[in-house]
Amino acid sequence: MSCACISRINIKLKAYFCDVKIHQKYISRCIELAKNGLGTTYPNPLVGSVILYDGKIIGEGWHKKAGEAHAEVNAINSVKDKSLLSKSTIYVSLEPCSHFGKTPPCSDLIIHHKIPNVVIGTIDPFAKVSGNGVKKLIESGANVTVGVLEEECNELNKRFFTFHNKKRPYIILKWAETKDGFIAPKTKEDKKPVWITNKYSRQLVHKWRTEEQGILAGTQTIIDDNPSLTARDWKGNQPVRIVLDKKNRIPKESAIFDNSALTILITENEIDFSKNIANQICNYLYEKEIQSVIIEGGSQTLQTFIDARLWDEARVFKGLSFFSEGTKAPKISRKISESKKIISDELLIFTNYD
């Protein structure tokens, strides 16, 4: 091979890797924008979009709420000089939709404005979209690049992807345990939680609640602690309260029956409590279109999901106190994926990804 040919190949390779880095930079920005919608877009996914012209961002947007404009629409609307769109590149973290839902197809809007270059993070798993948006854009003559920061874009929408691919909610287990491995003391004076963690950890839990669509607890936890299961220490959406109550034993004056959030009771009329409880709960919540749920207790309920291997993350707080006896914490066999200190508490994260 001649030196001239080698030189041309090297130039092409450099240009290719330069494009890859540019694409990654702006898809990363799309992901950053999309995260602004965490907790508010259900049942829709998190999506961010950036529009680039001549090396400069001229438009940005993200999806804020189901029924409202999608990320691509908000990005296009933010561009002051629409004539630049026909010479621009639009970046989007998830494949543009191609069907009529509560809003028109985003792929049609991109085609309408003759945006020539479309860079997509990952394909949408939703059956009505899945590849159809890309197909429509290619058939219109657009240059389409797919799969930029794909893993990161999939992680962004792990709830949405789990719901559509596995036909169940994304499941987060959460509990707090003492240094000696208990989640509750043997006895207590009244029907109030006995705090194992500090106020900063508890505030973080309330933040988490605003990010997920549902929160689930068992009968005994409600009877013993009378929790509200709401996000009181963080501004945001209230999760749907899901409570297991086989025999309708929970008193009607309990806090979960106030008007601060929707409550769903799962009794023996909804599932068979004698077998495969975790599977049945997942199927029931899937039918209710609950995409994500935090399971907060009690120990038996948490262990049921662990034993059934129906969980995605476990977030476990370890406090400084000792109970010596009481309700033992659930047992989990996975290795710790991440740990961090929250003042005096330790937060351990476990994952159950395939």
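Further up the page is the structure itself.
Residues take numbers from 1 onward in each chain, read along the sequence in its written order. Predicted model: local features are reported for residues with pLDDT of at least 70 only, side-chain atom pairs are reported and counted for 80 or more only, and whole-chain, interface and lining totals are derived from all residues. Only hydrogens and water are set aside when side-chain values are computed; all heavy atoms of the structure are taken into account.

A look at the sheet that holds strand β3 (residues 89–94)
This is how the line gets drawn: Two strands qualify as a pair provided DSSP detects at least 2 bridges between them. Secondary structure elements are defined from DSSP: runs of H or I of at least 4 residues count as helices, runs of E of at least 2 residues count as strands, and each element is numbered from the N terminus. Comment: axis = line fitted to C-alpha atoms, over the contacting stretch for helices; angle = value between 0 and 180 degrees taken between N-to-C directions.
Ordered in space as β2-β1-β3-β4-β5, the 5 strands form an open sheet in which the pairing is mixed. Two strands lie at the open edges of the sheet, namely β2 (56–62) and β5 (143–146), each paired on one side alone. Averaged over all pairs of adjacent strands, the angle between their axes in this sheet comes to 15 degrees, without regard to strand direction. With 5 bridges joining them, β3 and strand β4 (residues 117–122) adopt parallel strand pairing. Counted as the bridge partner of T89 is N117 from β4.

Some thoughts on the pattern of salt bridges
How we decide: Each salt bridge in this description consists of a side-chain nitrogen of Lys or Arg and a carboxyl oxygen of Asp or Glu lying within 4 Å of one another.
Per the stated rule, a full pass over the model turns up 16 salt bridges. With a closest N to O distance of 3.2 Å, E268 and K247 form a salt bridge. Of this pair, E268 sits in the loop between β10 (263–266) and α9 (277–287) while K247 sits in the loop between β9 (240–244) and β10, and the two are 21 residues apart along the sequence. K340 serves as the salt-bridge partner of E338, at 3.5 Å between the closest nitrogen and oxygen.

Things to note about the nonpolar core
Going by this rule: Only buried residues count toward a nonpolar core, which is a set of Ala, Val, Leu, Ile, Met, Phe, Trp, Tyr and Cys residues joined through side-chain atoms within 4.5 Å. Summary of the burial criterion: residues with accessible area below 20% of their type's maximum are buried, those above 50% are exposed, and those between are partly exposed, where the area comes from a 1.4 Å probe applied to protein chains only. Residue contacts are defined here by distance: any two heavy atoms, one from each residue, within 4.5 Å place the two residues in contact.
Within the largest apolar cluster, 30 residues are counted, with the highest numbers of intra-cluster contacts made by I171, L173 and F305. Going through the elements one at a time, β6 (170–177), β9, β10, α9, β11 (292–297), α10 (299–307), β12 (313–318) and β15 (345–351) are the ones with two or more residues in this core. In terms of residues, this core owes the most to one element, α9, which gives 5 residues. In contact with L173, other than residues within four places in its own chain, are I295, L302, F305, I306, W311, E313, A314 and R315. The next biggest cluster of nonpolar side chains, apart from the first, holds 19 residues, and it includes A71, L85, L94 and I115.

Some words on the environment of Q303
Quick reminder of the rule: Two N or O atoms count as a polar contact when they lie within 3.5 Å, although within protein this holds only if one can serve as hydrogen donor and the other as acceptor, and sequence-adjacent residues are included solely when both atoms are side-chain atoms.
Take Q303: it is sitting in helix α10. If we skip the residues at most four places from it in the chain, Q303 touches P330 and K331. Within the structure, Q303 has its side chain in polar contact with the backbone nitrogen of K331 (distance 2.7 Å).

Focus on the packing of aromatic side chains
Short version of the rule: Ring pairs are drawn from Phe, Tyr and Trp, using the six-membered ring of Trp, whenever the two centres fall within 6.5 Å, and their geometry is named by plane angle: stacked under 30 degrees, edge-to-face over 60, tilted for the rest. Charge-over-ring placement is defined geometrically: NZ (Lys) or CZ (Arg) within 6 Å of the ring centre, and within 35 degrees of the ring normal.
Taken as a whole and judged by the stated rule, the model has 4 aromatic pairs. Between the aromatic rings of F160 and F161, the centroid separation amounts to 6.3 Å while the plane-to-plane angle is 65 degrees, which identifies the pairing as edge-to-face. Residue F160 shares its accessibility class with F161, and that shared class is buried. Positioned above the aromatic ring of W195 is the side chain of R202, whose terminal nitrogen or guanidinium carbon lies 4.6 Å from the ring centre. Positioned above the aromatic ring of W208 is the side chain of R315, whose terminal nitrogen or guanidinium carbon lies 4.5 Å from the ring centre.

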